[in-house]
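Each chain is listed here by its residues.
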Amino acid sequence: MWTRRELKEAAKRRFRVNYWKCVLVALLMALLGGGAGFGSGGTYSGIRDVYTRNSLSDSFGDFSGSYNDWDNAGDSWGDAEDSWDDEEYDIDLDTLFDDIANSSPAETVITAAAIATVVVLIITIVFVVALIIVIPVSVFLINPLEVGTNRFFVQNLKLDANLREICFAFDHNYLNCVKILFFRDLYVFLWSLLFIIPGIIKAYEYRMVPYILGDNPNIDREEAFALSNMLMQGNKGKAFVLDLSFLGWYILNGLTLGILGIFYVNPYIKQTNAALYLKLKGLQTVEGQPNCA
C-alpha cells in the first residue's frame, strides 16, 4: 500500500537536495513538450553543437546588423503610412456589401462554398505539415528524452542523480525505446477514439513503461506493457487521484505565468511520479538509499 503523503514527502526531500539539476531536467522536458532521456552521442552532440560559441557570435552579429537598420525601417513605415491615402488602396465597403446583398442565392452559395473550401484546404495543409514535423520529433526525440528524464528522477530518489542520466535512452538500445514508446502512444490514441475514457484508462495502464525502459532498455515490448499493467493493477484510480491532488499547484502555476512551474511544480510532480514507480516496485528509500531487503 502507498499514500500520496508518503510519496510527496519523499519527493520533496530528494528534490530539495538536488534542486537545480531537477529544475533543469524538468524545464527541458517542459520546453520540448514533456511530458517527455537525452541522446546518444551523435544525436545529443548534434543538438549541442548548434549552440556553440561561434554560432552564437555569428547570430548576434546578424542581429546587431539588423538592429542598425531601424532608422531605415522607420522611413519605410512612413512611406507605407502615406500610401494608405492613395486611391488605389481604397476599398468601398458599401459597394462590396451591396454586391453581396444583390447576388443571387446560387452565386452566394457558390461563393460561400469556395471560401469554405479554401479554409478547409489551409487547415488541412497546416495539419499535415504539423504532423510531418511533430510526429517524428515526438517519436525520435521527445519519447527517448522521457525515458532519460524519468530515469533521472528515479535515480535521484536513491542518490544525487547526474544530468547524464537524461542521455540514457540514446546510449542504451535507442531503437527499442523508440519502438516501444511509439506503440504505447499508438495504442493510447486508438483507445482514445472510443469516447476518450478508454484512452485515459490505457494511458494509466501504460504509465510505467518509460520507467521500465529506464531500468531495462532491452526489454521486449509485450513484456514492458505486461509489467506496466501489473504495476498499475489496482493503482490506476489512486494514481488518478494523485494527479488531481496537484490541481492547486497547476492553478498557482497559471497565476504566476508558469514561473512557479519552472522552479517548483514541474520537478516536484516528476519526482513524486518517480517515487510512485519505486513504491510500486516494492522498493523503499531510507535517507535517499534503496533498501531492497
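Residues numbered from 1 in each chain as written. Predicted model: local features only at pLDDT ≥ 70, side-chain atom pairs only at ≥ 80, totals over all residues. Heavy atoms only, no water.

Student: Mind showing me how you'd approach the overall build of the protein here?
Tutor: The secondary structure content of the protein amounts to 15 helices and two strands. Across the 293 residues in the protein, those meeting the buried criterion constitute 33%. By element, 65% of the accessible surface of the protein is carried by carbon and sulfur atoms, the whole surface being about 18100 Å². (Helix = DSSP H or I, 4+ residues; strand = E, 2+ residues; numbered from the N terminus. Buried < 20%, exposed > 50% of the residue type's maximum accessible area, 1.4 Å probe, protein only. Areas by Shrake-Rupley, 256 points an atom, 1.4 Å probe, with all protein chains shown as cover.)

Student: Just to check I follow, could you spell out the packing of helix 10 (residues 197-205) against helix 13 (residues 236-244) for this structure?
Tutor: One can describe the packing of helix 10 onto helix 13 by two numbers: an axis separation of 10 Å at closest approach and a directional angle of 95°. As summarised for this structure, helix 10 and helix 13 are arranged roughly perpendicular, according to the angle between their axes. Contacts from Ile-201, Tyr-204 and Glu-205 in helix 10 reach Lys-236, Ala-239, Phe-240 and Asp-243 in helix 13. Residue composition of the contact of helix 10 with helix 13, by class: four nonpolar, no polar and three charged. (Axes fitted to C-alpha atoms, helices over the stretch in contact; angles between N-to-C directions. Parallel < 35°, antiparallel > 145°, perpendicular 65-115°, else oblique. Contact = heavy atoms within 4.5 Å. Nonpolar A, V, L, I, M, F, W, Y, C, P; charged D, E, K, R; others polar.)

Student: What am I meant to see in the nonpolar core here?
Tutor: One recurring pattern in soluble globular proteins: nonpolar side chains tend to sit buried together. Counting 47 residues, the largest nonpolar core has Met-208, Leu-213, Leu-276 and Tyr-277 as its most contacted members. The biggest single contributor to this core is helix 15 (residues 259-280), with ten residues. In this structure Leu-213 touches Val-147, Phe-168, Asn-176, Cys-177, Ile-180, Leu-181 and Ile-219, once residues within four positions along its chain are discounted. (Core = buried A, V, L, I, M, F, W, Y, C linked by side-chain atoms within 4.5 Å.)

Student: What is the right way to read the side chain of Asn-253 from this model?
Tutor: As for its position among the elements, Asn-253 is in helix 14 (residues 247-255). When near neighbours in sequence (up to four residues on either side) are disregarded, Asn-253 contacts Gly-258, Ile-259, Leu-260 and Gly-261.

Student: I tried to follow the packing of aromatic side chains on my own but got confused; where do I start?
Tutor: Each aromatic ring pair is characterised by the separation of its centres together with the angle its planes make. In this structure the tally under the stated criterion is 17 aromatic pairs. Measuring from ring centre to ring centre gives 5.1 Å for Trp-249 and Tyr-264, while their planes differ by 40°; the resulting arrangement is tilted. Placement of Trp-249 in helix 14 and of Tyr-264 in helix 15 is noted, with a sequence separation of 15 residues between them. Classification of Trp-249 by relative accessible area gives partly exposed; the value is 28%. Taken together, Phe-15, Tyr-19, Trp-20, Phe-246, Trp-249, Phe-263, Tyr-264 and Tyr-268 form an aromatic cluster joined through their ring pairs. The ring of Phe-246 carries the charged tip of Lys-8 above its face, separated from the ring centre by 4.6 Å. In this structure, Lys-238 packs its charged tip against the face of Trp-2, placed 4.3 Å from the ring centre. (Phe/Tyr/Trp six-rings, centres within 6.5 Å; stacked < 30°, edge-to-face > 60°. Lys NZ or Arg CZ within 6 Å of the ring centre and 35° of its normal.)

Student: Honestly, the pattern of salt bridges in this entry has me stumped. Any pointers?
Tutor: Two side chains of opposite charge can pair, provided their charged atoms sit close to one another. This model, assessed by the stated rule, comprises nine salt bridges. A salt bridge links Asp-160 to Arg-14; its shortest N-O distance comes to 2.8 Å. A residue is classified by how much of its surface remains accessible, and Asp-160, at 39% relative accessible area, is partly exposed. Judged by its relative accessible area of 9%, Arg-14 falls in the buried class. Salt-bridge contacts for Asp-185 lead to Arg-184; the nearest nitrogen and oxygen are separated by 2.9 Å. Accessibility expressed as a relative area gives 31% for Asp-185, which makes it partly exposed. The buried category is assigned to Arg-184, whose relative accessible area is 11%. (Salt bridge = Lys/Arg side-chain N within 4 Å of Asp/Glu carboxyl O.)

Student: How do you make sense of helix 1 (residues 4-17) when you look at a structure like this?
Tutor: Residues that lie three or four places apart on an α-helix share one face, since the helix turns once every 3.6 residues. Compared with the 20 Å implied by 1.5 Å per residue over 14 residues, the 20 Å span of helix 1 between its first and last C-alpha is a close match. Taken together, the buried positions of helix 1 are Leu-7, Lys-8, Ala-10, Ala-11, Arg-14 and Phe-15. Down the axis of helix 1, the smallest arc covering the buried residues is 160°, so these residues share one side. Summarising the geometry of helix 1, the exposed residues directed more than 90 degrees from the buried face are Arg-5 and Arg-16. (Expected span 1.5 Å × (residues − 1). Arc of directions from axis to C-beta.)

Student: Any chance you could explain unusual backbone geometry here in plain terms?
Tutor: Most peptide bonds adopt trans geometry, and most residues besides glycine take a negative phi value. Phi angles above zero are rare outside glycine, and Ile-196 is one such case at about 70°. As for its placement among the helices and strands, Ile-196 is situated in the loop between helix 9 (174-192) and helix 10. Even without glycine at this site, Leu-257 takes up a positive phi of about 60°. If you trace the backbone, Leu-257 turns up in the loop between helix 14 and helix 15.

Student: Hey, could you run me through the environment of Lys-238 in this one?
Tutor: With respect to the helices, strands and loops of the structure, Lys-238 is situated in helix 13. Residue class for Lys-238 comes out partly exposed when judged on its relative accessible area of 27%. Contacts of Lys-238, omitting those with residues within four sequence positions, involve Met-1 and Trp-2.

Student: Would you mind showing me how to read the confidence of the model for the protein here?
Tutor: With 70% of its residues at a pLDDT of 70 or more, the protein has an overall mean of 79. Averaged pLDDT values for the elements of the protein fall to 34 in helix 3 (residues 41-49) and rise to 97 in helix 11 (residues 209-215). Predicted confidence is poor over residues 34-71, with pLDDT under 50, and the contacts of this stretch with residues over four places away or in other chains come to 44 contacts. Note on residues 83-89: pLDDT under 50 across the span, and three contacts to partners over four residues away in sequence or across chains. (pLDDT = per-residue confidence, 0-100.)

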